[in-house]
Amino acid sequence: MKNQLVRFLSWDTDHFGHRMGRAKIHRLDEESYQLLKDSCKKADLDCLYFLADAGDQATILELQRHGFIFVDIRITFERKVPDSSPPRSDGNAITRSSIVGDLDALAAIARDSFRSTRFFADPFLNNEKAATMYQIWLRKSLNTDYADRVVVAEVNHESVGFVTCHLDRQSSAGKIGLVALSQSAQGKGLSQTMVLHALEWFRGQGMKRVSVVTQGHNIAAQRLYQRCGFVTRSTELWYHKWFRNTP
C-alpha cells in the first residue's frame, strides 16, 4: 500500500547511507504528527525531511516540540521572462552553453560552492558526501537530460562558473537549479551575466516565468537574483527529524 504521508527517497538513501524520506504534508499538529511518525516507522526511515511555511507558527512549534532540527530557510524567487535580456560580456569573459570538456573544472567549483545548504547544516549528515552530491548533480546535468541546458562562464578559455536550467513546457515555466562561480572569478559581475544568459535562453524556449531557490542566509545570492529582476514568491523552513543513527 502506498504511503500517504511519506515519500521514500531512494537516491538520498543510497548516497548518504541512511534511509531517508520526505513528508508529503506541510502542516502539523499532535494528531498528524503521530500519523506521520507511524508512517516513518512503517517505511523504516532513519531521517525525515519536512518543509513548513515560514508563517505557520503552530506547525513550527509542533516540529520543535517533537525534536525536528531546523536546517535551512528556503526562499523561492520568481520573475516573468523578459522580452529581451541580451547576455553581457565583461572583458575577456563570455557565457556559452556547456561542452564535454567543462566537467573537471566545473566539478571542482561545485564541490565547494554550496556549503550553506541544509545538507551541511545537519550535524548528522557527512559533509564529504554532501559536497560530492553537488558534483554528481552537476555531472548529471552535463551528461544526461537531468538539466535542459547548462550555461557556462568562461574567462581566458577557462570554465569558471555555471547555471543549470530546467524546463516545464506544460506550464511554460523555467527553473534555475544550481548557480556557482569560482572564487577567482567573483566580484566581476559574472554571476549576473550567467543568469541573464539563462533568462535569454528561457525566453527562446517559450517560457513565461522563471523561478530559483536559495537559502535565507545566502545574502549574496538573494542580491544577485534581485539585481536580475526576481522577487520573493515564498519563504519556507526545512526541518530534519532523525529517528536513529544519531548520538
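The structure we're discussing is the one just above.
The written sequence of each chain sets the order in which its residues are numbered from 1. In view of the model being predicted, local features appear only for residues whose pLDDT reaches at least 70, and side-chain atom pairs are presented and counted only at 80 or more, with totals across whole chains, interfaces and linings using the full set of residues. Only hydrogens and water are set aside when side-chain values are computed; all heavy atoms of the structure are taken into account.

J.: Explain the overall build of the chain here, please?
T.: When helices and strands are counted, the chain shows 8 helices and 10 strands. At 19 Å, the chain has a C-alpha radius of gyration in line with the 18 Å of a compact globule built from 247 residues. The principal-axis extents of the C-alpha atoms in the chain amount to approximately 60 × 35 × 35 Å. Of all 247 residues assigned to the chain, the portion counted as buried reaches 49%. Note on definitions: a residue-residue contact is assigned when non-hydrogen atoms from the two residues lie within 4.5 Å. The contacts in the chain between residues at least 6 apart in sequence include a share of 74% that link residues at least 24 apart. On the chain, the mean spot of the 33 positive side-chain charges and the mean spot of the 27 negative ones are 2 Å from each other. Helix and strand assignments come from DSSP, with helices taken as H or I runs of at least 4 residues and strands as E runs of at least 2, each series counted from the N terminus. In this treatment the radius of gyration is a C-alpha quantity, and the globule benchmark scales as 2.2 Å times the residue count to the 0.38 power. Accessible area is worked out with a 1.4 Å probe on protein chains only. A residue is then buried under 20% of its type maximum, exposed over 50%, and partly exposed in between. Charge assignment in this entry is limited to Lys and Arg as positive and Asp and Glu as negative, and neither His nor the chain termini are counted. The location of each charge is read from NZ of Lys, CZ of Arg, CG of Asp or CD of Glu.

J.: Looking at this structure, I do not really get the sheet that holds strand 5 (residues 93–97). What am I missing?
T.: Paired through their backbone hydrogen bonds, the strands of a sheet run either parallel or antiparallel. Should DSSP find at least two bridges between two strands, the strands are taken to pair. The strand order across the open sheet built from 10 strands is 1-2-3-10-4-9-8-7-6-5, with neighbouring strands paired in mixed fashion. Only two strands of the sheet have a single neighbouring strand rather than two, namely strand 1 (6–9) and strand 5. When strand polarity is set aside, the average angle formed by the axes of neighbouring strands in this sheet is 25 degrees. As paired strands, strand 3 (residues 47–53) and strand 10 (residues 231–242) are joined by 7 bridges and run antiparallel to one another. Residue pairing across strands places tyrosine 49 opposite histidine 240, the latter belonging to strand 10. All axes are obtained by fitting lines to C-alpha atoms, using only the stretch in contact for helices, and the reported angles, taken between N-to-C directions, cover 0 to 180 degrees. Its contacts with the sheet place helix 3 (residues 57–65) against strand 3 and strand 10, and it is angled at close to 155 degrees to strand 3. Running at roughly 35 degrees to strand 7 (residues 158–168), helix 7 (residues 190–204) makes contact with strand 4 (69–80), strand 5, strand 6 (149–155), strand 7, strand 8 (173–181) and strand 9 (209–215) of the sheet.

Keep in mind these values describe shape, not function.
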